[in-house]
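# Chain and residue survey
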Amino acid sequence: MTAGHLAVIDMQRVFADPASPWAAPRFADAAAGVRTLLPAFAARVTFTRFLAPERPTGAWRAYYDRWPFARRPPDAELWDLDGEFAPQADVLDTTTFGKWTPELAARLGPGDRLVLAGVSTDCCVLSTALAAADAGTEVLVVADACAGADDDSHLKALQLMDLYRPLIQVTTIARLLAEPGP
């Protein structure tokens, strides 16, 4: 069992469906990485879902003007967790890119590190990592269990997050699973 709490960011249909404007081309690779990580974290896993707010405010209005297809209620299929991840019981919904909320923070034990996987590396994973690190939480981003809007954006986001060492560390599935247990 690996130490910490795994947050699986936004493994939703809207990012999995190749026809979606928000498709992550390597979603299937990230999903395979998440599947590999899940047994190591047992019950210390939170899945997140990005949802459109009922009434966007501030700069979010312009965002949803750009992406009107996403102005759907929380029960719309595009927001469902993809396939095998759908039956997960521990799901945290947010209307923001960053998932570092008081609810997620409360799921970590004292001194726990936050391990991130999912999509999109260059948006919601990045926003979550920076906010958690800013709050003083050790963050590990599992590069091969994440996918970006495209390969270049994924790599740039990983490079950016790696600049925040030691607060944020970019790692791989193999390195993380090779660590000694708690």
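Here, the structure is the one placed above.
These remarks concern the structure in this document. Values in this document were obtained by computation on a predicted structure and should not be read as measured data.

## Remarks on unusual backbone geometry
At the junction of Val119 and Ser120, the peptide bond is cis and its omega measures out at -15 degrees in the coordinates. Position of Ser120 among the secondary structure elements: in the loop between β4 (114–119) and α5 (121–134). In this chain, Arg165 is followed by Pro166 through a cis amide linkage whose omega measures 0 degrees. Tracing the sequence through the fold places Pro166 in the loop between α6 (151–162) and β6 (168–171). With a phi angle near 50 degrees, Asp10 is a residue other than glycine that sits in the positive phi range. Among the secondary structure elements, Asp10 is positioned in the loop between β1 (5–9) and α1 (13–16). Given the relative accessible area of 0%, Asp10 is considered buried.

## Some thoughts on α5
Note on helix geometry: an α-helix contains 3.6 residues per turn, so any two residues three or four positions apart are oriented the same way. Buried residues of α5: Thr121, Cys124, Val125, Leu126, Thr128, Ala129, Ala132 and Ala133, and no others. The inward-facing, buried residues of α5 abut β1, β4, β5 (139–147), α6 and β6.

## Quick look at a nonpolar patch on the surface
Side chains of Leu160, Leu163, Tyr164 and Leu167 sit close together on the surface and give an oily, nonpolar patch of about 380 Å² of accessible area. Looking at where Tyr164 falls in the secondary structure, it is placed in the loop between α6 and β6. Relative accessible area serves as the criterion here: at 37%, Tyr164 is assigned to the partly exposed category.

## Remarks on the side chain of Ser120
Residue classification places Ser120 among the buried residues on the basis of a relative accessible area of 10%. Side-chain polar atoms of Ser120 contact the side chain of Asp122, separated by 2.7 Å. Setting aside chain neighbours within four positions, we find Ser120 in contact with Val125, Leu126, Ala147, Gly148 and Ala149.

## Some words on the sheet that holds β5
The six strands are arranged β3-β2-β1-β4-β5-β6 in an open sheet whose pairing can be described as parallel. Every interior strand has two partners, whereas the edge strands, β3 (91–94) and β6, have only one. Within the sheet, the average angular offset between the axes of one strand and its neighbour, ignoring direction, is 25 degrees. In this sheet, β5 lies alongside β4 in parallel orientation, the contact comprising five bridges. Bridge assignment links Leu116 to a residue of β5, and that residue is Val141. Sheet strands touched by α6: β5 and β6. Its angle to β5, the strand with the most contacts, is close to 170 degrees.

Rules of the game
Counting restarts for each chain: residues are numbered from 1 in the order of the written sequence. Only residues with pLDDT of at least 70 get local features here, since the model is predicted, and only at 80 or more are side-chain atom pairs given and counted; chain-wide, interface and lining totals rely on the full set of residues. Processing note: side-chain calculations cover all non-hydrogen atoms of the structure and skip hydrogens and water entirely. Secondary structure elements follow DSSP: runs of H or I no shorter than four residues count as helices, runs of E no shorter than two count as strands, and numbering proceeds from the N terminus. Partly exposed residues are those whose accessible area sits between 20% and 50% of the maximum for their type, while under 20% is buried and over 50% is exposed, using a 1.4 Å probe and protein chains only. The contact rule is simple, with two residues in contact once any of their heavy atoms fall within 4.5 Å. Candidate patch residues must exceed 30% relative accessible area and have no salt bridge, after which like charges are joined if within 9 Å and Val, Leu, Ile, Met, Phe, Trp or Tyr side chains if within 5 Å. Each accessible area is a Shrake-Rupley estimate made with a 1.4 Å probe; only the visible protein chains count as cover when residues are assessed. Should a side-chain nitrogen of Lys or Arg be within 4 Å of a carboxyl oxygen of Asp or Glu, the pair is scored as a salt bridge. Polar contacts here mean pairs of N or O atoms no more than 3.5 Å apart (in protein, one a potential hydrogen donor and the other a potential acceptor; neighbouring residues in sequence count only if both atoms are side-chain atoms). For two strands to pair, DSSP has to find at least two bridges joining them. Here the axes come from fitting lines to C-alpha atoms, over the contacting stretch only for helices, and the angles between their N-to-C directions go from 0 to 180 degrees.

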